[in-house]
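# Residue-level structure breakdown
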Amino acid sequence: MRQSPEATPPFLTPAATALPPPPTLPANAALFLDVDGCLLPFAPRPDAVEVPSALLARLTVLQQALGGALALVSGRNLATLDQLFAPQMFAAAGLHGVERRRLGHTGTAGDVPPALVRARDAAIALIDAHPGALVEDKGAALGLHWRMVAPERKAAAELALRAFAAGALSGLPDYQLQPGDHVIELRPRHADKGSAILAFLDEAPFKGRVPVFAGDDLTDEPGFSAVNAHGGISVLVGDRAGSAARFRLPDPAAIHAWLGVPADPNPESSR
């Protein structure tokens, strides 16, 4: 798999709010979209998010309009992405690029080393001491969440989960720690979102198109760098400083508007 460009870009913006909004999506775009924090707002639990019907319908239309050149690029695994976006099945990269599936093909799950299984079991025992903490089993990756821990206990839970993950890493030489929003993840080090995007750009129907990638957190930085290196459009969602992204939108609702998703007259409704 091709390596993505170095995540530290030549273009750094200290204040995300200084970034302009992105241009209109080009008709010849190769569109790559992060899911959590970008297409979907964060939920207290990873399994509590829902894909609005209007978003799913618009992504389906865009996929067709772009000749199939639309892919989800997520920290979730492919199986979970398919559950979220059912009945549609998009081209996708899961686990930050460890898993990848072209449109119309069946993706393969990443290998799960025995040491990760042991770490998962130990983590499940650990969170009993931190009510509200959560272990997210992604197969070949493991996420430790503390978003739902009570505010007065959150700092202690974060410290304990980060220390646990660092200790588990010593038995997983091919893994790395990936910090996120109220989560620390153990994931394979041989791929990232940038390398996944580059692999898609080598293939039809993405090849020869203008790459466009929207994402919100640190795991999206290699994707921004890869897109920038190909003269594409990189879009930060949120207000995180120091990103390689060259454009910005404030939140998932703004991403929906940019993509042409009709406004939901009843925001509380779900499909």
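Above: the structure in question.
Structure report, in brief.

Scoring rules and cut-offs
- Residues numbered from 1 in each chain as written.
- Predicted model: local features only at pLDDT ≥ 70, side-chain atom pairs only at ≥ 80, totals over all residues.
- Heavy atoms only, no water.
- 1 Å grid on protein atoms, 1.4 Å probe; cavity = no way out; pocket = protein on both sides within 12 Å on 5 of 7 lines; lining within 4 Å.
- Points joined across faces, edges and corners; volume = space filled by probe spheres on them.
- Helix = DSSP H or I, 4+ residues; strand = E, 2+ residues; numbered from the N terminus.
- Nonpolar A, V, L, I, M, F, W, Y, C, P; charged D, E, K, R; others polar.
- Pairing = 2+ DSSP bridges.
- Axes fitted to C-alpha atoms, helices over the stretch in contact; angles between N-to-C directions.
- Contact = heavy atoms within 4.5 Å.

The next thing to look at is empty space enclosed by the protein. If you walk through the whole model with that rule in mind, you get one cavity of 30 Å³ or more. Estimated volume of the largest cavity: approximately 430 Å³. Taken together, 31 residues make up the lining of the largest cavity; nearest its centre are Asp 36, Phe 42, Lys 138, His 145 and Val 183. If one sorts the elements of the lining of the largest cavity by residue count, strand 7 (residues 175-180) sits on top with three residues. Here the residues of the lining of the largest cavity are counted per class, giving ten nonpolar, nine polar and twelve charged.

Here we have seven strands laid out as an open sheet, ordered 4-3-2-1-9-10-11, and mixed in their pairing. Each end of this open sheet is capped by a strand with a single partner; those strands are strand 4 (99-101) and strand 11 (247-249). The sheet shows a mean angle of 20° between the axes of neighbouring strands, direction not considered. Inspection of the sheet shows strand 2 (residues 70-73) paired to strand 3 (residues 91-94) by three bridges, in the parallel sense. The partner of Ala 71 across the bridge, within strand 3, is Ala 91. Along the sheet, helix 7 (residues 252-259) makes contact with strand 1 (29-33), strand 9 (210-215), strand 10 (233-237) and strand 11, crossing strand 10 at roughly 145°.

Let us look at the sheet that holds strand 5 (residues 134-137). Read from one edge of the open sheet, four strands run 5-6-8-7, paired in antiparallel fashion. Edge positions in the open sheet fall to strand 5 and strand 7, since each of these has one partner strand only. Averaged over neighbouring strand pairs, the angle between their axes works out to 20° when direction is ignored. Examined bridge by bridge, strand 5 and strand 6 (residues 142-145) share four bridges and lie antiparallel to one another. If you follow Val 135 over to strand 6, its bridge partner there is Leu 144.

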